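These are the residues of each chain, in order.
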Amino acid sequence: MAQLYWQTIGTGDRDLVMLHGWGLNAGVWQNIIARLSPHFRLHLVDLPGYGRSEGFPAMGVEEMVANLLPFAPARAIWLGWSLGGLVASSLALQHPERVSGLVSVASSPCFTAQDEWPGIKPETLTQFQQQLSEDFQRTVERFLALQTLGTETARQDARQLKSVVLSLPAPEVSVLQGGLEILRTVDLREPMQALQVPLLRIYGALDGLVPRKIAPLLDARWPESKAVIIDKAAHAPFISHPEDFCEQLLDFGVKLPL
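So, here's what we can say about the structure. (Residues numbered from 1 in each chain as written. Predicted model: local features only at pLDDT ≥ 70, side-chain atom pairs only at ≥ 80, totals over all residues. Heavy atoms only, no water.)

1. Quick word on the pattern of salt bridges
Applying the stated rule across the entire model yields 12 salt bridges. Between K232 and E152 there is a salt bridge; the shortest N-O distance is 3.4 Å. Of the two residues, K232 sits in the loop between β7 (226–230) and α9 (237–240) while E152 sits in the loop between α5 (136–148) and α6 (154–166), which places them 80 residues apart along the sequence. For E152, a relative accessible area of 67% corresponds to the exposed category. (Salt bridge = Lys/Arg side-chain N within 4 Å of Asp/Glu carboxyl O. Helix = DSSP H or I, 4+ residues; strand = E, 2+ residues; numbered from the N terminus. Buried < 20%, exposed > 50% of the residue type's maximum accessible area, 1.4 Å probe, protein only.)

Here's what the structure looks like:
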């Protein structure tokens, strides 16, 4: 029977649930746990079908939310990186009473490029879906390399992400394809205008998957939210710039009511 992996550590008085991105697992947060654990109770989660949460079928965002909620604290800050940002945002929209604050990291309410909306070309995501069946490992490695492209520590950061992937059993191809389908089809731009909780959006200035051009567009759509662009960071700012990342997260988190 499928079992969700959910680990809680830290001595802080605020709960922080951390959701990883496509193809990865909660191991991505290892290099910032020591910085955050004195301030938060960290909830490190492998999304259904990823990492140690084996045995789950491919599922959409709302199904993921339904699987996470029974394990969650009564009220918490929810942080989502990339794909995890869509899951955390959906949960905040559906269950605002369970969310004291929302943090999206290198994430977009709509990952697919459209008219006057920057993002990933739809054909690129479709191509990744096709290639997964043909050469699983090479496709995942290529996606990881895209996430660190352009940073001063790109090779080192890509190696760190790859080690996180290889440290645990690989997700099923169907789960990975389902994740890409979420990135290709979900659009929360309009629903998020009704968000009822504080929102911090963190971007990498060099991110090729979630371009920084998105930040001012969402500033106009979501004027109550706050955007931070980390200079010289790409799609994984918590790996390339952990101090800057944690400083922004702590500044946001400690000001929220308990």
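2. Some remarks on the pairing of strand β6 (residues 199–204)
Of all 6 residues making up β6, 6 are buried, and the element is well covered by its neighbours. Sheet analysis places strand β5 (residues 99–105) next to β6, joined by 4 bridges and oriented parallel. Within β6, the position partnered with V103 by the bridge is L200. For β6 and β7, the ladder comprises 5 bridges, and the chain directions are parallel. (Pairing = 2+ DSSP bridges.)

3. Remarks on the packing of α5 against helix α7 (residues 173–185)
Contact geometry of α5 with α7 gives a least axis separation of 12 Å together with a crossing angle of 35°. As for the relative orientation of α5 and α7, their crossing is left-handed in sense. Judged by residue contacts, F136, V140 and F143 of α5 engage V173, L176, L180 and L183 from α7. Here the residues of the contact of α5 with α7 are counted per class, giving 7 nonpolar, no polar and no charged. (Axes fitted to C-alpha atoms, helices over the stretch in contact; angles between N-to-C directions. Left-handed = near helix turned anticlockwise from the far one by under 90°. Contact = heavy atoms within 4.5 Å. Nonpolar A, V, L, I, M, F, W, Y, C, P; charged D, E, K, R; others polar.)

4. A short note on unusual backbone geometry
We note that A106 has phi near 45°; this positive angle belongs to a residue other than glycine. Positive phi, normally seen in glycine, also occurs at K232, with a value near 70°.

5. Focus: the side chain of S104
Checked against the element boundaries, S104 lands in strand β5. What makes S104 buried here is its relative accessible area of 8%. If we skip the residues at most four places from it in the chain, S104 touches G80, L199, L200, R201 and I202.

6. Quick look at the sheet that holds β7
In any sheet, the strands associate via hydrogen bonds between backbone groups, in a parallel or an antiparallel arrangement. Taken in spatial order, the 7 strands line up as β1-β3-β2-β4-β5-β6-β7 in an open sheet, and their pairing is mixed. The outermost strands of the open sheet, each flanked by one partner alone, are β1 (5–9) and β7. Pairwise comparison of adjacent strand axes, ignoring direction, gives a mean angle of 20° for this sheet. Running over the sheet, helix α3 (residues 83–94) touches β2 (14–19), β4 (76–81) and β5 and is turned about 145° from β4.

7. Considering the nonpolar core
In terms of nonpolar packing, the biggest core is built from 89 residues, with W29, L36, W78, W81, F238 and F245 touching the most fellow members. Those residues in contact with F238 that lie beyond four places of it in its chain are V28, W29, N31, I32, W81, V105 and F245. (Core = buried A, V, L, I, M, F, W, Y, C linked by side-chain atoms within 4.5 Å.)

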